[in-house]
Each structure stands twice: as C-alpha cells, then as structure tokens.
Amino acid sequence: MANLDEIVQDIADEMRRRTDRGEVASYIPELARVDPNAFGIAVIDADGNVVAAGDSDTPFSIQSISKVFTLTLALGKAGDRLWRKVGREPSGSAFNSIVQLEHERGIPRNPFINAGAIAVTDSILSGHQPREALGEILRFMQFLSDDPTITIDRAVAASEQRTGFRNAALANYMKSFGVLDNPVEYTLGVYFHHCAIAMTCKQLAAAGRFLAHSGLNPATGSLVVHPERAKRINAIMLTCGHYDGSGEFAYRVGLPGKSGVGGGILAIAPGKASIAVWSPGLDAAGNSHLGRVALEALTKRMGWSIFGV
Ligand code: GLU
C-alpha cells in the first residue's frame with residue numbers, strides 16, 4: 001500500500017510542476033472558467049483502499065465520461081438491440097465529426113463519440129419524460145458512487161445548450177435517418193445535462209469500480225452488470241474511449257479509459273483498480289494531456305497495463 005501511496009503522491013507532485021498543460025476547452029463557454037492548474041487523482045484498489053492526491057475532492061464536469069454510464073444503462077434496458085442504432089468500431093475522427101454519419105446512413109460508429117452517445121441517450125429516453133430519464137441517469141451515478149450528493153452543474157448544461165450547434169446538427173441528421181425516436185430537443189436536453197454532471201476524482205473512481213471487478217461493485221456488494229457485459233464495456237473503452245487518440249492512449253497507458261472535455265479520465269485496471277484523474281488542459285484530440293501523462297506513469301510504475309510489464 002505504501003508503494004501505491006508514494007507513487008500517486010509522486011505523480012501528483014510531478015504534474016503540479018509541469019508547464020505543458022494543454023488547452024482548456026472553450027467551445028462550451030462555462031468550461032473555459034476552470035483553473036488550468038488543477039490536478040487531481042484518485043485510485044481505489046481491489047480492497048477498497050482509496051489513494052488520492054492533488055485536487056481529488058474538487059468536483060469537475062465529467063462531460064463524455066458520462067457516456068460510459070449511459071451506455072451501461074442503455075444496454076441494461078435495450079440489451080443487444082442497442083447495436084442496431086450504434087456501432088462499436090473506433091471512429092478515427094474527431095469527437096463531434098459529422099462526415100462519417102453520412103457514409104454510414106446515420107448510424108454512429110460507436111457509443112463514445114458525440115453522435116453515438118446522443119443515440120444512446122435517445123434510447124434511455126424512450127418511454128420517459130426527459131426529466132425522468134435524466135433523474136434515472138443521475139441516480140445511477142449516485143448509486144454507483146454510493147454518494148447521493150452528486151449533482152448536475154446547471155450552468156454548464158445551459159452553456160452547452162446555448163452553444164451546442166454541432167451536436168444539434170448531429171442529432172437532426174440522425175433523426176432524418178430515423179435513428180432517433182424522440183424529439184431532438186428532448187434527447188439533446190438530456191444529453192447536455194448528463195454531460196454536465198459534476199464529480200470529484202474520488203466519486204468517479206468509486207463509480208467505475210464495477211468495471212474493474214467483473215460487474216460487481218465491491219463497496220456495495222451489488223452486481224451492476226453481468227461479467228460479460230463489464231468485459232465488453234471495457235473493450236469499447238479501450239478501442240473508442242479517447243476519440244482519435246484511442247490508439248495513442250492504449251499504446252502509452254494500456255488500460256480501458258474514457259476521457260471528457262472537462263479534463264477528466266476514468267481508467268480501469270481490471271481486477272486491480274479504478275482510477276480517476278483530472279487536469280483540465282486538453283491535447284489536440286480533446287483528451288486531458290496531463291491526465292494521460294499521469295496514467296502512463298502510474299501504469300508503468302505499478303505494472304498495471306493490461307498488456308503486461
Ligand atoms: N458535452 C460535450 C459535447 O458534446 C462532450 C464532449 C466530450 O467530453 O468529449 O461536446
């Protein structure tokens with residue numbers, strides 16, 4: 001344990017000193033207000049020990065990391081029928097790209113690019129009012145983290161709602177192919193709000209534990225998903241979790257992971273740990289720059305890459 005403690009502290013100290021921090025996302029105006037020097041990390045090992053450093057208790061906008069949890073919920077409701085509306089191949093394009101959608105007749109490549117996540121949100125929304133669907137997503141996050149205090153940052157949601165023209169284009173385009181069942185404004189409203197859920201590194205690492213332990217959340221003893229489904233969600237995180245930087249993340253870190261433009265990354269070391277890092281500066285692909293650097297250092301020093309060493 002002392003070892004992990006020391007390593008996490010070392011990494012946080014090093015990240016504090018680095019000056020190459022990437023660019024904070026500004027296309028959602030509210031996100032541009034975040035302190036670019038923030039850095040947090042939380043690791044929860046198989047025994048439930050929480051090892052954290054830096055700003056690990058500061059809530060940040062989880063943005064696209066929410067897509068892991070909406071995928072989990074949607075698969076629970078629709079099962080394999082979900083794959084009629086969304087693929088599971090890496091996209092090789094930007095998170096908000098529209099070009100592929102035309103070639104593929106409105107079926108997004110995977111659930112983690114924006115178009116795919118909007119299709120997944122639409123599936124959760126079916127048969128419900130937007131408020132109920134959003135409540136269900138939020139309660140799911142609270143249940144997984146075992147923390148009822150998690151909330152949605154309404155200012156971030158409103159900011160994206162005002163400026164989310166690209167996402168509106170993606171949604172309308174999918175609607176024209178009949179991929180979305182609900183009114184576009186309802187689906188987008190739920191999507192923007194679940195992206196605006198605010199969580200700390202500690203809460204996020206707790207929420208990811210079921211993925212590190214074959215579907216079981218060891219903290220609460222609840223089987224969140226069947227082991228096979230946990231395995232598959234991890235596979236999609238590995239191949240698609242970092243947009244067009246997914247190959248680079250697998251190469252350098254070697255873990256299933258999901259990033260968000262708020263600067264967070266959730267990474268899963270199967271059987272070993274659930275890890276959340278946060279540093280708001282992004283690289284060119286829209287992934288947290290120092291978040292990735294920190295995870296690379298952690299997996300190297302702990303020998304946690306799923307590919308060995
Ligand atoms: N809400 C963001 C968007 O749709 C999520 C993108 C991200 O985190 O990568 O643009």
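Anything mentioned here points back to the structure above.
Keep in mind it's a predicted model, so treat the numbers as computed, not measured.

J.: Any chance you could break down unusual backbone geometry for me, citing the residues and the numbers?
T.: Phi at Gln63 takes a positive value of approximately 45 degrees, unusual for a residue other than glycine. Structurally, Gln63 can be placed in the loop between strand S4 (60-61) and helix H2 (66-78). Among the residues examined, Gln63 registers a relative accessible area of 2% and is labelled buried. Of note, Tyr243 is a non-glycine position whose phi angle comes to about 50 degrees, a positive value. With respect to the element layout, Tyr243 can be found in the loop between helix H11 (227-240) and helix H12 (246-252). Judged by its relative accessible area of 4%, Tyr243 is buried.

J.: If you had to explain the site of the ligand to someone new, which residues and values would you point to?
T.: All residues adjacent to the ligand are Tyr27, Gln63, Ser64, Phe95, Asn114, Glu160, Asn167, Tyr191, Cys195, Tyr243, Gly260 and Val261. Contacts to the ligand include Tyr27, whose side-chain N or O atom sits 2.5 Å from an oxygen atom. Between Glu160 and the ligand, the recorded distance is 2.9 Å, taken from a side-chain N or O atom to a nitrogen atom. Residues that form the shell around the ligand fall into these classes: six nonpolar, five polar and one charged.

J.: How would you summarise the nonpolar core if you had to cite specific residues and measurements?
T.: Residues Phe69, Ile197 and Leu204 are the most contacted members of the largest nonpolar core, which totals 62 residues. Excluding residues within four positions of it along the chain, Leu204 makes contact with Phe60, Ile62, Ile65, Phe69, Met199, Leu266, Ser274 and Ala276. In this structure, Leu4, Val51, Ala53 and Phe249 belong to the second largest nonpolar core, which totals 26 residues.

J.: Account for the pattern of salt bridges, naming residues and giving values.
T.: One pass over the full model with this rule turns up 14 salt bridges. The shortest N-O distance in the salt bridge between Arg33 and Glu30 comes to 3.3 Å. We note a salt bridge from Glu248 to Arg252, for which the minimum N-O separation is 2.6 Å. You can see Glu248 and its partner Arg252 sitting in helix H12, four residues apart, about one turn around the helix. With a relative accessible area of 35%, Glu248 lands in the partly exposed category. Taken together, the shared-partner salt bridges connect Glu248, Arg252, Arg292 and Glu296 into one network.

J.: Report on the packing of helix H5 (residues 130-145) against helix H8 (residues 184-195), specifying residues and quantitative values.
T.: Between H5 and H8, whose axes approach to 10 Å, the crossing angle comes to 25 degrees. Comparing the axis directions of H5 and H8 gives the class roughly parallel. For the element pair H5 and H8, the recorded crossing hand is right-handed. Facing Pro130, Ala133, Leu134 and Ile137 of H5, the residues of H8 in contact are Tyr186, Val190, His193 and His194. Across the contact of H5 with H8, the residue classes break down as six nonpolar, two polar and no charged.

What counts as what
Residues numbered from 1 in each chain as written. Predicted model: local features only at pLDDT ≥ 70, side-chain atom pairs only at ≥ 80, totals over all residues. Heavy atoms only, no water. Helix = DSSP H or I, 4+ residues; strand = E, 2+ residues; numbered from the N terminus. Buried < 20%, exposed > 50% of the residue type's maximum accessible area, 1.4 Å probe, protein only. Near = heavy atom within 4 Å. Polar contact = N/O pair within 3.5 Å; in protein donor to acceptor, adjacent residues only side chain to side chain. Nonpolar A, V, L, I, M, F, W, Y, C, P; charged D, E, K, R; others polar. Core = buried A, V, L, I, M, F, W, Y, C linked by side-chain atoms within 4.5 Å. Contact = heavy atoms within 4.5 Å. Salt bridge = Lys/Arg side-chain N within 4 Å of Asp/Glu carboxyl O. Axes fitted to C-alpha atoms, helices over the stretch in contact; angles between N-to-C directions. Parallel < 35°, antiparallel > 145°, perpendicular 65-115°, else oblique. Left-handed = near helix turned anticlockwise from the far one by under 90°.

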